[in-house]
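Report on the structure
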Amino acid sequence: MATATRPRVIAFQGINNFRDFGGWRAADGARVVTGVLFRSAHMARATSADLDRLADLRLAAVTDLRQRKEQDEHPSAWLGKLAFRVIEEQDDSADYVGGGKAQPPHVAAFSQSNFSRDAMVDLLAGHYVTMPYDPRHIALFQRYFDHLSRQRGGLVVHCAAGKDRTGILVRLTHHVLGVHPDDAMEDYLLSNTAGNVMERLPSLKRRMEETYDRPIEAEAIQALLTVEPAYIERCWAALAATSGSVDAYIVNVLGIDTAKQQAIRERLLS
């Protein structure tokens with residue numbers, strides 16, 4: 001297994017967890033291209049300098065995995081300033097499977113927990129079982145992969161924190177591209193450092209304690225902001241148990257047939 005040949009994390013002033021998820025070695029000695037596939041947290045706090053840097057990346061599209069109300073509460077700062085094709089929620093009538101309306105998975109897990117780290121981990125792992133079969137995600141994942149098979153240009157995929165919904169979709173992308181599972185896991189776990197977790201922890205702890213009017217352990221907040229190998233492992237096990245395999249999920253649930261997968265590989269492997 002080999003890591004990327006160029007810096008992976010891209011520093012922004014107001015965007016967390018922004019990074020290139022290309023560069024990994026794939027099957028038959030190929031490598032996922034760099035400078036085309038990006039992932040991040042939301043972009044509501046992007047500065048003018050951040051927007052200039054986004055423009056320099058020459059992105060053609062943005063996949064926003066957030067629900068409509070999430071977008072309304074934290075609109076992307078590039079709206080009306082940069083021109084992207086946007087792949088986003090088209091139907092805001094249904095609730096999240098396994099969570100409250102307009103709650104990111106990590107926030108839903110926290111609000112349903114007893115505020116302990118162990119409860120957070122268990123609840124988040126449970127969300128990873130249901131998220132791939134949420135009709136919202138199926139529709140978005142389908143449109144994202146269809147875009148990859150047909151369109152040229154760079155793309156960034158993001159949700160709120162850029163770690164859970166985004167983590168699943170990026171992991172599926174790496175699977176289609178033939179990235180080794182160990183490298184795909186390394187990319188997934190990079191959210192724990194690229195998300196500036198320890199820097200953000202004190203201020204978020206204060207805000208959460210004000211919101212819930214009670215002391216909250218730092219370890220529980222840290223669990224809110226990070227990912228665990230067990231999450232994606234539970235997700236993969238659920239795909240196998242429900243659909244027969246990850247490949248069967250991609251073909252039969254998402255409708256991404258072998259021809260589209262081959263088109264994606266031809267475009268994104270070098």
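Our structure's up above, just so we're on the same page.
Now for a description of the structure that goes with this document. For clarity, every value in this text was computed on a predicted model and none was experimentally measured.

**Considering helix H5 (residues 135–150)**
Every α-helical turn comprises 3.6 residues, leaving residues that sit three or four positions apart pointing alike. Between its first and last C-alpha, H5 extends 23 Å over 16 residues, near the 22 Å set by a 1.5 Å rise per residue. All buried positions along H5 are accounted for by Arg-136, His-137, Ile-138, Leu-140, Phe-141, Tyr-144, Phe-145, His-147, Leu-148 and Ser-149. Regarding H5, its N-cap is Asp-134, as a side-chain oxygen of that residue lies 2.9 Å from the backbone nitrogen of Arg-136 further along.

**A short note on helix H13 (residues 258–268)**
Restricting attention to buried positions, one finds in H13 the residues Gln-261, Ile-264, Arg-267 and Leu-268. Projected down its long axis, H13 shows its buried positions confined to an angular sector of 125°, all on one face. Along H13, the residues that are exposed and aim more than 90 degrees away from the buried face are Thr-258, Ala-259 and Glu-266. In this fold, the buried residues of H13 make contact with strand E2 (37–40), H5, strand E5 (154–158), helix H6 (165–177) and helix H12 (246–253). Capping the start of H13 is the job of one residue whose side-chain oxygen sits 3.2 Å from the backbone nitrogen of Ala-259: Asp-257.

**Digging into the pattern of salt bridges**
In this structure the tally under the stated criterion is 13 salt bridges. Among the ionic pairs, Asp-64 bridges to Arg-66, the shortest N-O distance being 2.9 Å. For Asp-64, a relative accessible area of 5% corresponds to the buried category. Between Asp-118 and Arg-117 there is a salt bridge whose closest N-O contact spans 4.0 Å. Taking relative accessible area as the criterion, Asp-118 reaches 54% and is therefore assigned exposed. In this structure Arg-117 comes out as partly exposed when scored by relative accessible area, which is 34%.

**Here's the deal with the nonpolar core**
One recurring pattern in soluble globular proteins: nonpolar side chains tend to sit buried together. Membership of the largest hydrophobic core comes to 58 residues, with the highest contact counts inside it found for Tyr-128, Phe-145 and Leu-172. Among all residues touching Tyr-128, those that are not within four sequence positions of it are Lys-163, Asp-164, Ile-168, Tyr-188, Val-227, Tyr-231, Ile-232 and Cys-235. Judged by nonpolar contacts, the second largest core, of 16 residues, contains Ile-15, Phe-18, Ala-46 and Ala-77.

**Quick word on the sheet that holds E2**
Backbone-to-backbone hydrogen bonds pair the strands of a sheet. The strands run either parallel or antiparallel. If you walk across this open sheet you meet the five strands as E1-E2-E5-E3-E4, and the pairing is mixed. With one partner strand each, in any of the chains shown, strand E1 (19–20) and strand E4 (85–87) form the two edges of the open sheet. Inspection of the sheet shows E2 paired to E5 by four bridges, in the parallel sense. Bridge pairing in E5 links Phe-38 to Val-156.

What counts, and where the lines are drawn
Residues numbered from 1 in each chain as written. Predicted model: local features only at pLDDT ≥ 70, side-chain atom pairs only at ≥ 80, totals over all residues. Heavy atoms only, no water. Helix = DSSP H or I, 4+ residues; strand = E, 2+ residues; numbered from the N terminus. Expected span 1.5 Å × (residues − 1). Buried < 20%, exposed > 50% of the residue type's maximum accessible area, 1.4 Å probe, protein only. Polar contact = N/O pair within 3.5 Å; in protein donor to acceptor, adjacent residues only side chain to side chain. Arc of directions from axis to C-beta. Contact = heavy atoms within 4.5 Å. Salt bridge = Lys/Arg side-chain N within 4 Å of Asp/Glu carboxyl O. Core = buried A, V, L, I, M, F, W, Y, C linked by side-chain atoms within 4.5 Å. Pairing = 2+ DSSP bridges.

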